[in-house]
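Structural features, examined
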Amino acid sequence: MKLKEALENSGLSAIIYSESGMGKTHFTGTLPGTTLIIAAEANGIKTLARSKNADNIYVVNLPAPGANMAETAKRYDKFFEALLLEDLVFDNVVLDSATELANQLMITKTDLNKNGGAPAQHTYLEVQWAMRRYLRILRDLAVLRNKNVIVTALESELILSQSAESATSKTHPAFTGKKLSPEAEGLFDIVGHLEKTANGTRYIRLEGNESFVAKDRFGRKACIADGEIFIKGLTGNENKEDK
């Protein structure tokens, strides 16, 4: 396959992150075409009822940690592994949110490891490896199955360097562990920080700065927080004033 054909047959992959309540889930409801929402938190999908594309949204709820933790862990693995095997009819696949999925994995694996209710070091490693697999599967849906893949996440401040006098930090998508966030950011075409202007307009920052991680392999610096505009790239090369 020629490079041009490969690019034309590849979907878009993006991580959209922000603090809670900024409208990440609502944004996914504005994506064009049909959308499969993989919901790690059932309450979050209530906002989708008001989405302009609500009639074309389908939701599957991931199992919450329950009495049989071993079975729950297996169901997570089987679900994500099946995504690449199934002939998905959806234009877009959304994980909402990766942060909550990592939290559920932590609860599940902590219980399995029987450490008195507290996660041990190897539990963190197990969760990180599971999240690596799941994120790569989602990335591959864009590359191999021509799906637009959106992963939402909360934000987290990671310390880059620290001394007795000061510390340097940067805001990243919130995953488990310091190493996983930069690794996950490298897997996806876009890492966007959802923000709001002084007049209340929501937009996605696509160019990083000293405070926030962001990137867009297609060269945009910002985009209005509308899924159709975001996917089709009709606007977005305008600069937004840094906060």
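The text that follows walks through the structure, step by step, so that each part is easy to find. (Residues numbered from 1 in each chain as written. Predicted model: local features only at pLDDT ≥ 70, side-chain atom pairs only at ≥ 80, totals over all residues. Heavy atoms only, no water.)

Points about the nonpolar core
The cut-off we apply is this: Here the nonpolar core consists of buried residues drawn from Ala, Val, Leu, Ile, Met, Phe, Trp, Tyr and Cys, with membership extended through side-chain atoms lying within 4.5 Å. In this scheme, a residue with accessible area under 20% of its type's maximum is buried, one over 50% is exposed, and one in between is partly exposed, where area comes from a 1.4 Å probe on protein chains only. Segments assigned H or I by DSSP are reported as helices when at least four residues long, segments assigned E as strands when at least two residues long, and all are numbered from the N terminus. We call two residues in contact when some of their heavy atoms are within 4.5 Å.
Counting 39 residues, the largest nonpolar core has Phe80, Leu95, Leu101, Met131, Leu138, Val151 and Phe175 as its most contacted members. Counting residues per element, this core draws most heavily on helix H5 (residues 121-145), at nine residues. Apart from residues no more than four positions distant in its own chain, Leu95 is found in contact with Ile38, Leu62, Phe80, Leu101, Leu138, Ile150, Val151 and Thr152. If you look at the next biggest cluster of nonpolar residues, it comprises 20 residues, including Ile16, Met22, Leu31 and Ile37.

Describing the side chain of Asn148
Relative to the elements of secondary structure, Asn148 occurs in strand S5 (residues 148-162). The class of Asn148 is buried, set by a relative accessible area of 15%. In contact with Asn148, not counting residues within four places along its chain, are Gly11, Leu12, Asp91, Asn92, Val93 and Ile231.

Comments concerning the packing of aromatic side chains
Quick note on the threshold: Between rings of Phe, Tyr and Trp, where Trp is taken as its six-membered ring, a pair exists when centres lie within 6.5 Å; planes separated by under 30 degrees are stacked, by over 60 edge-to-face, and by other angles tilted. We count a charge as sitting over a ring when the NZ of a lysine or the CZ of an arginine lies within 6 Å of the ring centre and within 35 degrees of the ring normal.
The tally for this structure, following the rule as stated, stands at four aromatic pairs. Judged by centre distance (5.4 Å) and plane angle (85 degrees), the rings of Phe27 and Phe230 are edge-to-face. Of the two residues, Phe27 is situated in helix H2 (residues 24-28) and Phe230 in helix H7 (residues 227-232); the sequence distance between them amounts to 203 residues. Accessibility classification places Phe27 together with Phe230 in one group, the buried group. Ring geometry for Tyr58 versus Phe90: centroids 5.4 Å apart, planes at 55 degrees, classification tilted. On the criterion of sequence distance, the pair formed by Tyr58 in strand S3 (residues 57-61) and Phe90 in the loop between helix H3 (69-85) and strand S4 (92-96) is long-range, its members being 32 residues apart. Taken together, Phe79, Phe80 and Tyr134 form an aromatic cluster joined through their ring pairs. Looking at Arg132, its charged tip hangs above the ring of Trp129, at a distance of 4.8 Å from the centre. Stacked on the ring of Phe230, the Lys or Arg Arg220 has its end atom at 5.1 Å from the ring centre.

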